[in-house]
Amino acid sequence: MFTLPDLPYPTNALEPYIDAQTMEIHHGKHHATYVKNLNDLVTGKEEKDLEELLKTTDNQKIKNNGGGHYNHSLFWQMMTPGGSRLEGKLAETINSTFGNLDGFKEKFTAAGLGRFGSGWVWLVVDGGKLAIMDTPNQDSPIMSGQTPLLGIDVWEHAYYILYKWNRVEYIKNWWNIINWQKVDENYSQAQANS
Ligand code: MN3
């Protein structure tokens, strides 16, 4: 059985950048539905670790719903009320890869605007190096061998109530609530596993 993880903060904790109603629907309805559908799809089969399942399945419905569960579980943890500071090894590597943090944000935002339709934009480790990539639908970087460190959901359901059509405003505001400490932990873990 896969289960919906609790949010690590109350639904209104990311205001004014992400509103409580969006969080209630996004976590309590969208994410919950991916979990329910995933459980319906794997019923009666040997249950695998979710990462293993996503790396090996050919079933598009499992990719969509399992990817949805995996990506959103990461997404909630990548944000924190008030944000946290980017420091340490990850800060250095972002600077050496993208020039500086603003250079990174610019490229990441451009990828977010360039993703046509629904999907995600990611900071990943790819072959030991930092890279920005985007994925359609609920595809996850782990399906193509990259390790996600930070990701933003650019489906309209992630921002429509507060930002309407304005994806760029959503991304601009989202930088205020990044849990860089968690992203740095993800980076350390990715390096330890490689
Ligand atoms: Mn979503």
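Up top is the structure.
Below, the structure is looked at part by part.

## Observations regarding the coordination of the manganese ion
H26 (NE2), H72 (NE2), D153 (OD) and H157 (NE2) make up the full set of protein donors to the manganese ion, lying at 1.9 to 2.1 Å. Coordination of the manganese ion draws on donor residues from a single chain, spaced H-x45-H-x80-D-x3-H in sequence. With H26 in helix α1 (residues 20-42) and H72 in helix α3 (residues 60-77), this residue pair connects regions lying 46 residues apart in the sequence. On the basis of relative accessibility, which here comes to 2%, the residue H26 falls in the buried class. The exposure class of H72 is buried, given its relative accessible area of 0%.

## A look at the sheet that holds strand β2 (residues 129-136)
Strand order in this open sheet of three strands is β2-β1-β3, and the pairing throughout is antiparallel. Whereas interior strands pair on both sides, the edge strands pair on one side only; in this sheet they are β2 and β3 (147-153). Between one strand and the next, the sheet's axes are offset by a mean angle of 20 degrees, whatever the strand orientation. The sheet strands contacting helix α5 (residues 101-114) are β1 (119-126), β2 and β3, and the helix crosses β1 at an angle near 135 degrees.

## Regarding the packing of aromatic side chains
Per the counting criterion, the structure on display carries 12 aromatic pairs. Taken together, a centroid distance of 5.4 Å and an interplanar angle of 55 degrees make the contact between F104 and F108 tilted. Separated by four residues within a single helix, F104 and F108 lie in helix α5, roughly one turn from each other. Note on accessibility: F104 and F108 belong to one class, buried. Judged by centre distance (5.9 Å) and plane angle (10 degrees), the ring pair of F108 and W174 falls under stacked. Of the two residues, F108 is situated in helix α5 and W174 in helix α7 (residues 167-174); the sequence distance between them amounts to 66 residues.

## Topic: the pairing of β2
Where β1 lies against β2, eight bridges are found, and the strand directions are antiparallel. Within β2, the position partnered with V124 by the bridge is A131. Two successive antiparallel strands, β1 and β2, enclose a turn made up of two residues, where G127 displays a positive phi of approximately 60 degrees.

How each quantity is defined
- Throughout, a residue's number is its position along its own chain's written sequence, starting from 1.
- Side-chain atom pairs in this predicted model are given and counted only at pLDDT of 80 or more, local residue features only at pLDDT of at least 70, and totals for whole chains, interfaces and linings cover all residues.
- Working from all heavy atoms in the structure, the side-chain values ignore hydrogens and water.
- Donor selection uses N, O and S atoms within 2.8 Å of the metal (3.2 Å for Na, K and Ca). Since no water is included, sites may look incomplete.
- The way it works is that DSSP assigns letters per residue, a run of H or I at least four long becomes a helix, a run of E at least two long becomes a strand, and they are numbered from the N terminus.
- Relative accessibility decides the category of a residue: with a 1.4 Å probe and only protein chains considered, values under 20% of the type maximum give buried, values over 50% give exposed, and everything between is partly exposed.
- Only strands joined by at least two bridges in the DSSP assignment are considered to pair.
- Interaxial angle, 0 to 180 degrees, is taken between N-to-C directions of lines fitted to C-alpha atoms, where a helix line uses only the stretch in contact.
- Pairs of residues are marked as contacts when any of their non-hydrogen atoms sit within 4.5 Å.
- Paired rings are identified among Phe, Tyr and Trp, the last through its six-membered ring, by centres lying within 6.5 Å, and are further divided according to the angle between planes into stacked (under 30 degrees), edge-to-face (over 60) and tilted (the rest).

The analysis is restricted to geometry; functional conclusions fall outside its scope.
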